[in-house]
Amino acid sequence: MILAITSCPTGIAHTYMAAEALEEAAKEKGIELHVETQGSGGVVPFTPDDIAKAGAIIIAADVGVTGRDRFAGMPLIESSVKRPMSEAGKMLDEAVAAAKDPNARRVVASGEGGSEASRAP
């Protein structure tokens, strides 16, 4: 399973367009994807079970996302919110590859140095 968070500054169009593009590409590729939109319509957060089962996370956002520490250590694909609209399939392929790569970029907990993402040791 792959997780994705989408968010834009106004929390309207791009947030939901990016989510829809990722969902459509995941369906075409047969990839289980759960998307958390952090937009004007509110947020329905991932369950702890979703997070535990996920192999990687895609964060497509032009603003800071809330609850990033939930994904500490998880392989990360990160971009602007607009990228999924043209490259959703490619992003999903990158996430699947990252889930299998012990050296993939990972989410770092906010208390672990100043960076929000790093390479695995």
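Residues numbered from 1 in each chain as written. Predicted model: local features only at pLDDT ≥ 70, side-chain atom pairs only at ≥ 80, totals over all residues. Heavy atoms only, no water.

Draft legend 1. Fine view of a negative patch on the surface. On the surface, a cluster of negative charge is contributed by Glu 20, Glu 23, Glu 24 and Glu 28. Inspection of the secondary structure assignment puts Glu 23 in helix H1 (residues 13-29). The class of Glu 23 is partly exposed, set by a relative accessible area of 42%. (Patch = residues over 30% accessible without salt bridge, like charges linked within 9 Å, V, L, I, M, F, W, Y side chains within 5 Å. Areas by Shrake-Rupley, 256 points an atom, 1.4 Å probe, with all protein chains shown as cover. Salt bridge = Lys/Arg side-chain N within 4 Å of Asp/Glu carboxyl O. Lys, Arg positive; Asp, Glu negative; His and termini not counted. Charge placed at Lys NZ, Arg CZ, Asp CG, Glu CD. Helix = DSSP H or I, 4+ residues; strand = E, 2+ residues; numbered from the N terminus. Buried < 20%, exposed > 50% of the residue type's maximum accessible area, 1.4 Å probe, protein only.)

Draft legend 2. Here's a closer look at the packing of aromatic side chains. Taken as a whole, this structure holds 1 aromatic pair when the rule is applied. The interplanar angle of 80° and the centroid separation of 6.0 Å between the aromatic rings of Phe 46 and Phe 71 together place this pair among those described as edge-to-face. Residue Phe 46 is located in the loop between strand E2 (33-37) and helix H2 (48-53), and its partner Phe 71 is located in the loop between strand E3 (56-61) and strand E4 (76-79); the two are separated by 25 residues in the primary sequence. Neither residue differs from the other here; Phe 46 and Phe 71 are each classed as buried. (Phe/Tyr/Trp six-rings, centres within 6.5 Å; stacked < 30°, edge-to-face > 60°.)

Draft legend 3. Quick look at helix H3 (residues 83-100). Helix geometry: H3 is bent most strongly at Gly 89, by close to 60°. Arg 83, Pro 84, Ala 88, Met 91, Leu 92, Ala 95 and Ala 98 are the residues of H3 that are buried. Buried positions along H3 lie against strand E1 (2-7), H1, E2, E3 and E4. (Bend = angle between axes of the 7 residues up to and from the residue. Contact = heavy atoms within 4.5 Å.)

Draft legend 4. Quick peek at the nonpolar core. Grouped together as the largest cluster of nonpolar side chains are 17 residues, with contacts concentrated most on Ile 2, Leu 22, Leu 33, Ile 58, Ile 77, Leu 92 and Ala 95. Of all elements in the fold, only E1, H1, E3 and H3 reach the threshold of two or more residues within this core. The greatest single-element share of this core, amounting to 5 residues, is contributed by H3. Filtering out sequence-adjacent residues up to four positions away, Leu 33 remains in contact with Ile 2, Leu 3, Ala 4, Leu 22, Glu 23, Ala 26 and Leu 92. (Core = buried A, V, L, I, M, F, W, Y, C linked by side-chain atoms within 4.5 Å.)

Draft legend 5. Highlighting the sheet that holds E4. Taken together, 4 strands build an open sheet; the order of strands is E2-E1-E3-E4 and the sheet is parallel. If you trace the sheet from one side to the other, it starts and ends with E2 and E4, each paired once. On average, adjacent strands in this sheet sit at an angle of 15° to one another, irrespective of strand direction. In terms of strand pairing, E1 meets E3 through 6 bridges, oriented parallel. (Pairing = 2+ DSSP bridges. Axes fitted to C-alpha atoms, helices over the stretch in contact; angles between N-to-C directions.)

Draft legend 6. The pairing of E2, seen in detail. Across 5 bridges, the pairing between E1 and E2 is parallel. Bridge pairing in E2 links Thr 6 to Thr 37. Considered for its hand, the β-α-β crossover made up of E1, H1 and E2 is right-handed. (Right-handed = clockwise from strand over helix to strand, strands pointing away.)

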